[in-house]
Amino acid sequence: MALAVRMRVPCRALLCAGAQLRGAALGRPEWAAGGGDGARRFASLRVLVEPGAEGRVAVMKLKNPPVNSLSLDFLTEFLISLEKLENDKAFRGVVITSDCPNVFSAGLDLREMYGRNPGHYAEYWKAVQELWLRLYLSNLVLVAAINGSCPAGGCLMALTSDVRILSDSPKSVIGLNETLLGIVAPFWFKDTLVNTIGHRASERALQLGLLFPPAEALQVGLVDHVVPEDQVQSMALSVMAHWLAIPDHARQLTKAMMRKATADRLIKQREADIQNFVSFISRDSIQKSLQIYLEKLKQKKG
Ligand SMILES: CC/C=C\C/C=C\CCC/C=C/CC(=O)SCCNC(=O)CCNC(=O)[C@H](O)C(C)(C)COP(=O)(O)OP(=O)(O)OC[C@H]1O[C@@H](n2cnc3c(N)ncnc32)[C@H](O)[C@@H]1OP(=O)(O)O
């Protein structure tokens, strides 16, 4: 069954309309409701949304195999799902987790940033900005249940949550590793990290492109809890219950007070940030770095 998606904000409507057009062009239904409580359970190709046990909490499962890279299609579907949850007053909190084994998200999809044209880079970057803004300023309580590797854009996504739970596994490394790819984390990635772990720790982590293993991630404050893999989800729900005990209006105003100035920095210069990205990513030297990195990823297998 196709579900209608109502949009409140014009620029979001444009982004989402784009996704529906892309979906239609590919000849597939964009949304399917399922289960007895179909109004509350919905899925797109790449994002599965299930109500949590108590109904006030939804669990969003990222399912863009093999590594949940943040492709344009994925971002668009994720944003539509989030919008639906924000608009449904029954939901007060969302747990974000991965449906792909051992990987929370591999971050931005390198194929969206390599060998494309400037128009594509601009469209892609706008969607990345939108993801960050919508998550960072969300009125919902967001808990990231990080059940695997969480580099770069995956880490950024997790950093927008109110709480981060990381699985205690050697694969579960987390950090902004952009410099290792020969690229530079944008200022709003950096701001989000600084707001979480402070200036000095961020400077070191960003310059060295550090990917922190669980114990170090906990120590530096990048995550709030490290638990065995099979307890990530239950821990996320238990932390969520704690946060939901606070009246929404007071918590939401406090969250906005803490985060608005950071978000406003990007909002005020969104277009310039897109142009920066397009000219940076289009440079021959950057394209070369991305090519080498992609080749390294492929060679890892052979
Ligand atoms: C002055 C400056 C101004 C402006 C700057 C503006 C912008 C620049 C900054 C842009 C910001 C970028 C942030 C990012 O998120 S970049 C992405 C960084 N991500 C990574 O480094 C992670 C790479 N992946 C991995 O390390 C591993 O894949 C991972 C540990 C996640 C999982 O390992 P696993 O062994 O399970 O899988 P693999 O065999 O490695 O991968 C499976 C296939 O998936 C492909 N892959 C992996 N990651 C990505 C990705 N991010 N995008 C696209 N594709 C990816 C990989 O190549 C394999 O493909 P196949 O070989 O099967 O075809």
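Reading guide: rules and limits
In this convention, every chain numbers its residues from 1, walking through the sequence in written order. In keeping with the predicted nature of the model, local features appear solely for residues at pLDDT of at least 70, side-chain atom pairs appear and are counted solely at 80 or more, and the whole-chain, interface and lining totals rest on all residues. UniProt positions are given in the numbering used here, feature names are shortened, and annotations may be inferred rather than shown by experiment. Secondary structure elements are defined from DSSP: runs of H or I of at least 4 residues count as helices, runs of E of at least 2 residues count as strands, and each element is numbered from the N terminus. Once C-beta atoms are placed from the backbone, each residue is buried if 20 or more other C-beta atoms lie within 10 Å of its own, exposed if 12 or fewer, and partly exposed for counts between those two. Two residues qualify as a contact pair if the distance between their C-beta atoms, derived from the backbone, is within 7 Å. Contact assignment follows one rule, namely that a residue is near a molecule or strand if its backbone-placed C-beta atom lies within 6 Å of it. When residues are grouped by polarity, Ala, Val, Leu, Ile, Met, Phe, Trp, Tyr, Cys and Pro land in nonpolar, Asp, Glu, Lys and Arg in charged, and all others, Gly among them, in polar. pLDDT is a per-residue confidence score from the predictor, ranging from 0 to 100. In plain words, the nonpolar core is the set of buried Ala, Val, Leu, Ile, Met, Phe, Trp, Tyr and Cys residues that C-beta atoms within 7 Å link up. By this rule, a helix spans an expected 1.5 Å times one less than how many residues it contains. Throughout, the arc means that of the directions going from the helix axis to the C-beta atoms.

As recorded by an unreviewed UniProt entry, the protein carries the name Enoyl-CoA delta isomerase 1, mitochondrial and is attributed to Otolemur garnettii. What the UniProt record of the protein gives under Function (unreviewed entry) is the line "Key enzyme of fatty acid beta-oxidation. Able to isomerize both 3-cis (3Z) and 3-trans (3E) double bonds into the 2-trans (2E) form in a range of enoyl-CoA species, with a preference for (3Z)-enoyl-CoAs over (3E)-enoyl-CoAs. The catalytic efficiency of this enzyme is not affected by the fatty acyl chain length."

Visitor: Residue-level account of the overall build of the protein, with values.
Guide: Scanning the protein from terminus to terminus reveals 11 helices and 10 strands. Per-residue burial for the protein yields a buried fraction of 41% across its 302 residues. In the protein, once contacts between residues fewer than 6 apart in sequence are set aside, the share between residues at least 24 apart is 73%.

Visitor: Could you give an account of the site of the ligand, with specific residues and numbers?
Guide: Residues in contact with the ligand amount to 28 residues; listed here are only the nearest, A106, G107, L108, A152 and G153. Mapped by element, the contributors of at least two residues to the shell around the ligand are α4 (152–159), α10 (270–282) and α11 (284–299). Tallying contributions element by element places α10 first for the shell around the ligand, with 3 residues. Among the residues making up the shell around the ligand, the classes are represented as 15 nonpolar, 7 polar and 6 charged.

Visitor: Break down the confidence of the model for the protein for me, with residues and values.
Guide: Chain-level statistics for the protein give a pLDDT mean of 88 and a share of 86% at 70 or above. Across residues 1–32, where pLDDT falls below 50, the model places 36 contacts with residues more than four positions away in sequence or in other chains. Confidence over residues 34–39 falls short of pLDDT 50; this stretch has 6 contacts with residues more than four positions distant or in other chains. For this predicted complex, the interface score ipTM comes out at 0.97, while the overall pTM is 0.90.

Visitor: I'd love a proper account of the nonpolar core, names of residues and values included.
Guide: Ranked by size, the top nonpolar core spans 75 residues in total, and within it V143, I146, I165 and I174 carry the most contacts. Ranked by residue count, the leading element in this core is helix α3 (residues 118–136), at 9 residues. When near neighbours in sequence (up to four residues on either side) are disregarded, I146 contacts F104, A158, R164, I165, L166, S167, S172, I174 and V223.

Visitor: Give me the lowdown on unusual backbone geometry, citing residues and values where you can.
Guide: A cis amide bond, omega 10°, links P65 with the succeeding residue P66. Secondary-structure assignment places P66 in the loop between β4 (57–62) and α2 (72–87). Positive phi, close to 70°, is recorded for N102, a residue that is not glycine. Along the polypeptide, N102 turns up in the loop between β5 (93–98) and α3. Although it is not a glycine, A152 adopts a positive phi angle of roughly 45°. Summarising the element assignment, A152 is placed in helix α4.

Visitor: Account for helix α8 (residues 232–244), naming residues and giving values.
Guide: Spanning 13 residues, α8 covers 18 Å between terminal C-alpha atoms, matching the ideal 18 Å at 1.5 Å per step. The complete set of buried residues in α8 reads V232, M235, A236, V239 and M240. Looking down the long axis of α8, one finds its buried residues gathered within 140° of arc, a one-sided arrangement. Taken together, the buried residues of α8 touch β4, β5, β6 (141–146), β8 (163–167) and β10 (225–227).

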